[in-house]
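# Structural overview
Listed here are the chains, written in short residue letters.
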Amino acid sequence: MLQIEIDSGSGFCFGVTTAIRKAEEELAKGNTLYCLGDIVHNGMECERLHNLGLITINHEEMNRLHDAKVLLRAHGEPPETYQLAQQNNIEIIDATCPVVLQLQRRIKRQYDANPEAQLVIFGKPGHAEVLGLVGQTHSTAIVIAKFDDVKKLDFSRDIYLYSQTTKSLDEFNRIIEYIKKHISPQTHFQSFDTICRQVANRMHNIRTFAEKHDLLLFVCGHKSSNGRVLFNECCQVNSNCHLIENSSEIQLQWLEGIRSVGICGATSTPKWLMEECRDYIEAVQETV
C-alpha cells in the first residue's frame, strides 16, 4: 500500500503566519484592505485571501491611493514607502517579519556610521526583502546574488557583509572565506550572519525528509525564492523530485511502482495545500 507523509517541518514561517493573521483579522471586520505586493509567494494562498476581500496592489498603485489601509507583508519595505503612506494619509498595517525589521535597523545603523564603506548584501536582486534592505542605505548597498559575484568587490575598501534572511548559509560562509583571503590588510572586513535560523534549519531537515521517500513532491509557488533553494536541497539527495504548485500538476505516471510519497514545501506553502495534494493522491489510489 502506498504510504504518504507530509513533512511536519514544512509550511509557513512565523513571519508569513503573522502577516496572514493580520490580514484575516482586518478583513473579518469588514474593512477594505490593500496589500502591497503578494502577501506570500504562493498563488493559491493569495487567491484564497483575495476571495476574502484582500486587494493586492503594486507601488505605482499605492502612489495613487489615499485615505486607505495598506498591509505591508513580511518581506518589509524601504523608508520611502512609509513616507508615501504619511503623505497620502494611508494607515499602515505593518506585518514586517521581526527578523527582517531587526536586519533593516542594523543595516541603517551601519550605513549611518560609515557611509563610505562597501555595505554588501548577499541576496536576490529585486526581491522585496532586498529592496527594503537596500533602501536603508539610500540605494548605495551592493547586492551579490551568488558566490561568483563576490569577485567584483573592491578589496582595497572596507566591507560590511550581510545576508537576506532566507539565503543559503553554506554559500554565505563561502563568500566570507573568499573575502577574508582577498581583503587588503589595511582595510576592515566584518560579516554578520543574518540568515533566519527557522529557515536555515529547514535545509538539513528537508534533506533528511527527502531521502526517506521514493517520490518527493515539493509544493510551492513559482515566485518563491526560498522554495527554489529548498527544492534544490531535496534534488541533491533524491533524484525523483517534482516541484508543483498544486494537486492539478501531479502526473499519475509519477506514482507507478512507488511505495512512499513525501510531500513538503517552502516557508510560503500553506499546510492546506500540501494536504490537498495528499488527498488527491489518496483519491486516485482508491480508483485504481
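### Concerning the nonpolar core
Counting 18 residues, the largest nonpolar core has Val-150, Ile-159, Leu-161, Ile-175 and Ile-179 as the members making the most contacts within it. Put simply, the parts of the chain that give this core at least two residues each are strand S6 (118-122), strand S8 (159-163) and helix H7 (169-182). If you tally residues by element for this core, the top one is H7, at five residues. In this view, Ile-175 contacts Phe-122, Ile-144, Phe-147, Val-150 and Leu-161; residues no more than four positions away in its chain are not counted.

### Examining the sheet that holds S6
What links the strands of a sheet is backbone hydrogen bonding, and the strands pair in either a parallel or an antiparallel sense. With parallel pairing, the four strands of this open sheet are ordered in space as S7-S6-S8-S9. Of all strands in the sheet, those with a lone pairing partner are strand S7 (142-144) and strand S9 (189-191), marking the two edges. Recorded for the sheet is a direction-independent mean angle of 20 degrees between the axes of neighbouring strands. Sheet topology note: the S8/S9 ladder contains three bridges and is parallel. Residue pairing in the sheet places Tyr-160 in a bridge with Gln-190 of S9.

### A look at the packing of aromatic side chains
Per the counting criterion, the structure on display carries five aromatic pairs. Ring centres of Phe-155 and Tyr-178 lie 6.1 Å apart, and the angle between their planes is 55 degrees; on these two criteria the pair is classed as tilted. Within this pair, whereas Phe-155 is found in the loop between S7 and S8, its partner Tyr-178 is found in helix H7, the two being separated by 23 residues in sequence. For Phe-155, a relative accessible area of 14% gives the class buried. Within the aromatic cluster, the residues linked to one another by ring pairs are Phe-147, Phe-155 and Tyr-178. One Lys or Arg, Arg-174, reaches over the ring of Phe-147 and ends 3.9 Å from the middle of that ring.

### Things to note about the pairing of strand S4 (residues 69-72)
Of the two faces of S4, the one lined by Lys-69 and Leu-71 and the one lined by Val-70 and Leu-72 are each fully buried. Two elements, strand S2 (residues 34-36) and S4, share two bridges in a ladder whose sense is parallel. Note on S4: the bridge partner recorded for Tyr-34 is Val-70. Across four bridges, S4 lies against strand S5 (residues 91-94) in parallel orientation. Across the sheet, residue Lys-69 finds its bridge partner in S5, namely Glu-91. Traced from S4 through helix H4 (residues 79-87) to S5, the parallel crossover comes out right-handed.

### Examining helix H9 (residues 225-237)
Looking at H9, one finds that the buried residues are Ser-225, Asn-226, Gly-227, Leu-230, Phe-231, Glu-233 and Cys-234. Along its buried surface, H9 packs onto helix H8 (197-211), strand S10 (215-219), strand S11 (241-244) and strand S12 (260-265). You can read the cap of H9 off the contacts: a side-chain oxygen lies 2.8 Å from the backbone nitrogen of Gly-227, and it is on Ser-224.

### Let's talk about the environment of Ala-85
In this structure, Ala-85 sits in helix H4. Taking the C-alpha atoms as reference, Ala-85 lies 8.3 Å from His-66; in sequence the two are 19 residues apart. Leave out the neighbours within four places in its chain, and Ala-85 touches Met-62, Ile-90 and Ile-92.

Basis of the calculations
- One numbering rule holds for all chains: residues counted from 1, following each sequence as written.
- pLDDT decides what is reported in this predicted model: residues at 70 or higher carry local features, side-chain atom pairs at 80 or more are listed and counted, and totals for whole chains, interfaces and linings draw on all residues regardless.
- Processing note: side-chain calculations cover all non-hydrogen atoms of the structure and skip hydrogens and water entirely.
- For the purposes of this section, nonpolar cores are sets of buried Ala, Val, Leu, Ile, Met, Phe, Trp, Tyr and Cys residues that join through side-chain atoms within 4.5 Å.
- We call a residue buried when its accessible area falls under 20% of the maximum for its residue type, exposed when it is over 50%, and partly exposed in between, using a 1.4 Å probe and counting protein chains only.
- Strands are runs of DSSP state E lasting at least two residues, helices are runs of H or I lasting at least four, and both sets are numbered from the N terminus onward.
- We call two residues in contact whenever any of their non-hydrogen atoms come within 4.5 Å of each other.
- Only strands that DSSP links by at least two bridges are regarded as paired with each other.
- Each axis is a line fitted through C-alpha atoms, taken for helices only over the stretch in contact, and angles between the N-to-C directions span 0 to 180 degrees.
- Planes of paired rings set the category: under 30 degrees apart is stacked, over 60 is edge-to-face and the rest tilted, where pairs are Phe, Tyr or Trp rings (Trp by its six-membered ring) whose centres lie within 6.5 Å.
- Remark: a charge is flagged as sitting over a ring if the NZ atom of Lys or the CZ atom of Arg is within 6 Å of the ring centre and within 35 degrees of the ring normal.
- By convention, orient the strands away from the viewer: a clockwise path from the first strand over the helix to the second makes the crossover right-handed.
- Two N or O atoms form a polar contact when they lie within 3.5 Å of each other; inside protein one atom must be a possible hydrogen donor and the other a possible acceptor, and for residues adjacent in sequence the pair counts only when both atoms belong to side chains.

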